[in-house]
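# Fold and geometry: a report
These are the residues of each chain, in order.
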Amino acid sequence: MMNRRLIKIGLFFIFILLPMIIVVVSLMIGPYKIGPIEFYYIIIGKLIGKELVDNEIAVKMIWMIRMPRVLGAILVGAALSVAGAVFQGIFRNPLASPYTLGVSNGAGFGAAVAILISTGSITSHFLIQTSSLAFGLVAVGITFVLASKGRRSTVTLVLAGMLVGSLFASLVALIKFVADPYEKLPQIVFWLMGSLSAVTYEKLMMILPLYIVSLLVIFLLRWRVNILCLGDQEATSYGINIKLYRGIIIGACTVLTALVVSIAGIIGWVGIVIPHLARIIVGPDFRKLVPASFSLGISYVLLVDFICRNLTAAEIPLGVVTGIIGTPIFIYFIYKGKVRWE
Amino acid sequence: MGMKLEVKDLSFSYDGCRMIFEDISFQYHTPAVFSILGANGMGKSTLLKCIIGELKARSGSILIDSIEVGEYSTRELAKKIAYIPQNHYPIFPFLVIDIVMMGRASRMGYFSNPGKEETEIAMEKMEFLKIAHLKDKPYTDISGGERQLVMIASALTQEPELLILDEPTAHLDYGNQYRFIQLIKKLTLNGMGILMTTHYPDHPLELKGVSAILKNGKMDVVGSSEAVITNENLTDLYDINVTVETFGDKKICIPGGPYGELKR
């Protein structure tokens, strides 16, 4: 009985308190530090609509600079981890990630093209975001068309995704080769590494409606993802129309991924490591795994972004750090036999 | 009451040239046991996959309660038929209770999660199969025989009229095979229809019911198990000498015959 309560308290801390604490810390700490009391009054002031603190820099720092970035980290972390968990299940593959179907390379190509043709005006941000989103979805579309020939198994789908991904990776390399090495090339490279430094409220608002719908779909169908994990034959026998459900669920995950890639670039390993970590804590049942991945993903990306902002004066791109931290964690899981896969 | 399955002039081919089977016809009415015997590679599993709608036949028709299988939605078909494949490869360590509850999917709302009602039904089926003690174990950690029962429990929560089993005894030890056959008897007595393929002619003899032999793409021999499982038919089917003997109340098959000669 005691044990159960301890576990409950532990889970509450990991999944509910931890992300909240990291949000608060991320808002307070940076090159410009804001004290706890000041922070408290700034937040309360916003809630009751009054200016309780006359430190305008601190107020602006929180609402105009750190808040969009924190919100961006939340959206990115939640989307990539949830999509990764679902893809690993549906594809029955421990290395599946949100990028398995080629969305990242497609989006990267879209962004690279947009950077190449943009003239550096304000509209270019909008152009880059739209173009990466569009090409991300186009890449997955091609993957689906390729996979619809033949036996239509999940294996074909993963294989088609790898092929389409490689094609777009080559196209990105081609653009890098022709891009102006002083101005455009660094921009492309930086975008591909993934970063939250360019996130703004406008960008967030643009992706939010579709983001919420996609996440809601996955959340509502999460128990059915369990059934899809058993395999096509088994799921069909249980009365699940696999083509329909798999299509809807993969579609929702893809849109979610493409949306966050379009605002933050390619952030690797979150979608592989976090679902495994969540599975170690709560087990394979997607009724718990989806919320657990959601919460852990938020904490992880917030934490890594916090490190990126504070470790050095010249900010290290987020996507680089998620990889540097994520890969050793994953190797540790495999080494310790924590990645349970029959 | 009961469900009627009619297979009419069914033909199937994977590549369009070599026919797996041709013009198969039979009728079956639940509850009863229908066993299909046949040598390896004769298309027994293929026939089952046609019946559950996974494979599309080249010609002919399969009617369930006078409606084409293809006309049923996946959801509606799952309320009539539950299918348990020969091999199941579990990947995730789902708990046994969660696997058993999955059988309710076709009878729940499109977005709903299983709740109290589903748990009760799952527990009831597991108690019937005497596996309730396994409920909180990961189903990757239990034995093959136990896993078979978990899959049956899951199929039962589906509340189908017909259970289709592809070589259900193939991976079971001697004792579990016998227990499984007794379980099938019990299920039929409770009104469940059973359609299964098997490599053990002793099992249909034990189960009575109807048997059929699938050989060279034809299903020419269909009838009561005792009439189908004879010296001549088995010798012809497996190309070894088989003697069917009466021993007490039971009939048993002796491969090679009682005197040690192996070849015909």
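Counting restarts for each chain, with residues numbered from 1 along the sequence as it is written. For naming, the first written chain is A and the first written ligand is 1, with later ones following in the order written. Since the coordinates come from a predicted model, pLDDT governs what is reported: local features require at least 70, and pairs of side-chain atoms require 80 or more to be given and counted, while whole-chain, interface and lining totals use all residues. With hydrogens and water set aside, each side-chain value is computed from the structure's full complement of heavy atoms.

This brings us to the domain arrangement of chain B. Residue and element names in this part refer to chain B. Domain start and stop points were drawn from an automatic or database domain assignment. Segmenting chain B into domains produces domain 1 (4–229) and domain 2 (230–264). Taking the mean C-alpha position of each, domain 1 and domain 2 sit 27 Å from one another. Contacts between the two partners involve 17 residues from domain 1 and, on the opposite side, eleven residues from domain 2. Buried area between domain 1 and domain 2, summed over both chains or domains, comes out near 1,100 Å², and the portion from carbon and sulfur atoms is 57%. By salt bridge we mean one thing: a side-chain nitrogen of Lys or Arg within 4 Å of a carboxyl oxygen of Asp or Glu. For the pair domain 1 and domain 2, the interface holds two salt bridges. The criterion used for residue contact is that any of the two residues' heavy atoms lie within 4.5 Å. Values labelled buried area give the accessible surface lost by two parts on being combined, using a 1.4 Å probe and summing over both.

This part is about the pattern of salt bridges. This model, assessed by the stated rule, comprises 17 salt bridges over all chains. When the shortest N-O distance is used, the salt bridge between K4(B) and E6(B) registers 3.9 Å. What emerges from the salt-bridge pattern is a single network uniting R69(A), D305(A), R309(A) and E315(A).

Think of it this way: any DSSP run of H or I at least four residues long counts as a helix, any run of E at least two long counts as a strand, and we number them from the N terminus. Relative to the helices and strands, S295(A) is located in helix α13 (residues 286–311). Sequence-distant contacts of S295(A), that is, excluding residues within four places in its chain, are made with I14(A), F15(A) and P19(A).

Glancing now at the interface of chain A and chain B. Each side of the interface is counted separately: chain A has 28 residues, and chain B has 37 residues. The interface formed by chain A and chain B holds one salt bridge in total. Polar contact criterion, stated in full: a pair of N or O atoms within 3.5 Å, where within protein one must be able to donate a hydrogen and the other to accept it, and residues adjacent in sequence count only if both atoms are side-chain atoms. At the boundary of chain A and chain B, one finds nine residue pairs in polar contact (both at pLDDT 80 or more). Looking at the side of chain A that touches chain B, the elements with two or more residues in it are α3 (56–90), α9 (222–229) and α10 (232–237) of chain A. A total of six residues in the side of chain A that touches chain B trace back to one element, the largest contributor, which is α9(A). Asp, Glu, Lys and Arg are counted as charged, while Ala, Val, Leu, Ile, Met, Phe, Trp, Tyr, Cys and Pro are counted as nonpolar; the rest, among them Gly, fall into the polar class. Of the residues assigned to the side of chain A that touches chain B, the class counts are eleven nonpolar, eight polar and nine charged.

By nonpolar core is meant a set of buried Ala, Val, Leu, Ile, Met, Phe, Trp, Tyr and Cys residues that side-chain atoms within 4.5 Å join together. Buried, partly exposed and exposed residues are distinguished by accessible area as a fraction of the type maximum, computed with a 1.4 Å probe on protein chains only: under 20%, between the cut-offs, and over 50%, respectively. Core analysis: the biggest nonpolar cluster contains 146 residues, and F91(A), Y211(A), I99(B), M126(B), L165(B) and I194(B) have the highest contact counts within it. When neighbours within four sequence positions are excluded, Y211(A) is seen to be in contact with I74(A), L75(A), A78(A), A79(A), L256(A), L259(A) and V260(A). Core analysis: the next-biggest nonpolar cluster, separate from the first, contains 31 residues, V7(B), F34(B), L162(B) and M219(B) among them.

All names here are of chain B. Overall, antiparallel pairing links the four strands, which are arranged β2-β1-β4-β5 in an open sheet. The outermost strands of the open sheet, each flanked by one partner alone, are β2 (19–29) and β5 (67–68). Sheet topology places strand β1 (residues 4–13) next to β2; seven bridges connect them, and they run antiparallel. Looking at β2, one finds that L5 is bridged to Y28. Angular values range over 0 to 180 degrees, each being the angle between N-to-C directions of two axes fitted as lines to C-alpha atoms, with helices fitted over their stretch in contact. Against the sheet, helix α1 (residues 44–51) engages β1, β2 and β4 (59–64), with an angle of about 60 degrees to β2. Pairing between two strands is assigned when DSSP locates at least 2 bridges connecting them.

Before going further, it helps to spend a moment on a nonpolar patch on the surface. Residues and elements named next belong to chain A. Candidate patch residues must exceed 30% relative accessible area and have no salt bridge, after which like charges are joined if within 9 Å and Val, Leu, Ile, Met, Phe, Trp or Tyr side chains if within 5 Å. Computed with a 1.4 Å probe, the accessible areas rest on the Shrake-Rupley method; for each residue, only the protein chains presented here act as cover. Together, F12, F13, I16, L17, M20, I21 and V25 make up a nonpolar patch on the protein surface, roughly 590 Å² of accessible area in all. Of note, F12 is situated in helix α1 (residues 2–28). Given a relative accessible area of 43%, F12 falls into the partly exposed group.

This part covers the packing of helix α12 (residues 270–282) of chain A against helix α14 (residues 318–335) of chain A. Residues and elements named next belong to chain A. One way to put it is that α12 packs onto α14 with a least axis distance of 9 Å and a crossing angle of 40 degrees. Between α12 and α14, the interaxial angle falls into the category oblique. α14 is crossed by α12, and the crossing has left-handed handedness. Along the contact surface, α12 presents V270, I272, V273, H276, L277 and I280, while α14 presents T322, G326, I329, F330 and F333. Looking at the contact of α12 with α14, its residues break down into eight nonpolar, three polar and no charged. Any angle from 65 to 115 degrees is called roughly perpendicular, while one under 35 is roughly parallel, one over 145 is roughly antiparallel, and all others are oblique. In this scheme, a crossing is called left-handed if the near helix is turned counterclockwise away from the far one by less than a right angle; it is called right-handed if the turn is clockwise.

Let us look at the side chain of D98(B). With respect to the helices, strands and loops of the structure, D98(B) is situated in helix α3 (residues 96–102). With relative accessibility at 10%, the residue D98(B) sits in the buried group. Contacts of D98(B), omitting those with residues within four sequence positions, involve D285(A) and R287(A).

Adjacent strands of a sheet pair through backbone hydrogen bonds, lying either parallel or antiparallel. All names here are of chain B. In space, the six strands of this open sheet follow the order β6-β7-β8-β3-β9-β10, with mixed pairing throughout. Each of the sheet's edge strands pairs with one partner strand only, and the pair in question is β6 (81–84) and β10 (218–224). Taken pair by pair, the neighbouring strands of this sheet meet at an average axis angle of 15 degrees, ignoring direction. Those strands touched by helix α9 (residues 231–238) are β3 (33–37), β9 (210–215) and β10, and its axis lies near 35 degrees from that of β9.

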